[in-house]
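One-letter residues, chain by chain:
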Amino acid sequence: MRYNVIQSIFYNFHRTQGREGANVAKYKKSMETKQKILDTTAALVLEIGYANLNIKDIANHLEMPRSLIYYYYKNLEDIMGELYYDTYQKLSDITAELCQGKDEPILELIVKYILHYRFVIQNAVLRDFFFSRPTYVIQGKDAIRNATYTCFTASRKAFEKLRPDASENDLFIFIITCDTLMHTLFKGLANGVLSMSLRDVILYFGKCSVMVNFSVTKEEMERIVDEAFALTDTVPMALSTV
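Residues numbered from 1 in each chain as written. Predicted model: local features only at pLDDT ≥ 70, side-chain atom pairs only at ≥ 80, totals over all residues. Heavy atoms only, no water.

To continue, consider the overall build of the protein chain. What the protein chain contains, in helices and strands, is twelve helices and zero strands. Of the regular secondary structure in the protein chain, the N- to C-terminal order runs α-α-α-α-α-α-α-α-α-α-α-α. For the protein chain, with 242 residues in total, the buried portion stands at 42%. Across the protein chain, every contact between residues at least 6 apart in sequence was considered, and the portion connecting residues at least 24 apart equals 66%. (Helix = DSSP H or I, 4+ residues; strand = E, 2+ residues; numbered from the N terminus. Buried < 20%, exposed > 50% of the residue type's maximum accessible area, 1.4 Å probe, protein only. Contact = heavy atoms within 4.5 Å.)

In structure tokens, the structure reads:
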């Protein structure tokens, strides 16, 4: 009787371990498949362009059914969104490291914009996708509110520190202005429409958005921009972001 109990315990243990092992293997295979889809999408964007790419192209290149790609992603925008947000998170981490201990949210804001231009706008994989995305004023109030804790944390911190009595609406106006203005300026700079340097664009943004909202002087704005460029110049251009 005792032998049967022990045998049953060992049987159930190995059966459980087998299921867990199968689940780990399945999870690992799932992650590998997703990574193949991401890598192939990035490669095909470079080869034929984002505007010409579709799910069928990715499936054909990987020699897998389209249904498998749709199992992991809703559409092409979903795949590109993951590529973009992976890069954005890396840039956010770099920004936090560069600005650690400084307690200057405006400096953090400027650093993030400089990095965004260098590693997203100048990234041939991500540029067209980024410019195809709707601005936050189009996405709506909930998207803007959520963005204050993701993409626009520096803006929120600047208001908390420098304009603690400002309303949520004031913060939303600032975010909408920043998002729309920088989207336009970056596109004009990337497409060669604007005869300006990146520093000129950042200073123009500072004059139009930062200085008027936070009573920052021209001299102080120039100091912040100079420090931001000094910090971001330490980040290697060979940084792997996708």
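From this point, the narrative continues.
In this section: the pattern of salt bridges. Applying the stated criterion to the full structure yields 13 salt bridges. The partner of arginine 163 in a salt bridge is aspartate 170, and the shortest N-O contact between them spans 3.7 Å. When its relative accessible area of 26% is taken as the criterion, aspartate 170 is described as partly exposed. We note a salt bridge from arginine 223 to glutamate 227, for which the minimum N-O separation is 2.8 Å. (Salt bridge = Lys/Arg side-chain N within 4 Å of Asp/Glu carboxyl O.)

Judged by nonpolar contacts, the single largest core of 75 residues is most densely connected at Ile58, Met80, Ile110, Tyr113, Phe186, Ile202 and Phe205. The element best represented in this core is helix α5 (residues 105–121), accounting for twelve residues. (Core = buried A, V, L, I, M, F, W, Y, C linked by side-chain atoms within 4.5 Å.)

Another aspect to go through is the side chain of serine 209. Counting through the fold element by element, serine 209 comes out in helix α11 (residues 198–214). When neighbours within four sequence positions are excluded, serine 209 is seen to be in contact with Phe174, Thr177, Cys178 and Leu181.

As a further point, take the packing of α5 against helix α9 (residues 153–162). Where α5 contacts α9, the two axes come as close as 8 Å, and the packing angle between them is 160°. Relative to α9, the element α5 lies roughly antiparallel. Relative to α9, the crossing made by α5 is left-handed. Contacts between α5 and α9 involve Pro105, Ile106, Glu108, Leu109 and Lys112 from the first element and Thr153, Ala154, Ser155, Lys157, Ala158, Lys161 and Leu162 from the second. (Axes fitted to C-alpha atoms, helices over the stretch in contact; angles between N-to-C directions. Parallel < 35°, antiparallel > 145°, perpendicular 65-115°, else oblique. Left-handed = near helix turned anticlockwise from the far one by under 90°.)

Let us look at the packing of aromatic side chains. Given two aromatic rings, one states the distance between the centres and the angle between the planes to describe the pair. All told, the structure shown has 14 aromatic pairs when counted by the stated rule. Measuring from ring centre to ring centre gives 5.7 Å for tyrosine 136 and phenylalanine 152, while their planes differ by 80°; the resulting arrangement is edge-to-face. One end of the pair, tyrosine 136, is in helix α7 (residues 136–139); the other, phenylalanine 152, is in the loop between α8 (141–147) and α9, and 16 residues separate them in sequence. By relative accessible area, which is 6% here, phenylalanine 152 ends up buried. Pairwise contacts between aromatic rings join Tyr50, Tyr84, Tyr85, Tyr88, Phe129, Phe130 and Phe131 into one cluster. (Phe/Tyr/Trp six-rings, centres within 6.5 Å; stacked < 30°, edge-to-face > 60°.)

What follows covers the environment of phenylalanine 205. You can see phenylalanine 205 is positioned in helix α11. On the basis of relative accessibility, which here comes to 0%, the residue phenylalanine 205 falls in the buried class. Through-space distance from the C-alpha of phenylalanine 205 to that of methionine 182 is 7.2 Å; in sequence the pair is 23 residues apart. Not counting residues within four places of it along the chain, the set of residues in contact with phenylalanine 205 comprises Leu109, Ile110, Tyr113, Cys178, Leu181, Met182, Leu185 and Val210.

Within the span of helix α2 (residues 55–62), buried status applies to Ile55, Ile58, Ala59 and Leu62. Taken down its axis, α2 places every buried residue within 95° of arc, on the same side. Looking at where α2 begins, the residue whose side-chain oxygen comes 3.0 Å from the main-chain nitrogen of lysine 56 is asparagine 54. (Arc of directions from axis to C-beta. Polar contact = N/O pair within 3.5 Å; in protein donor to acceptor, adjacent residues only side chain to side chain.)

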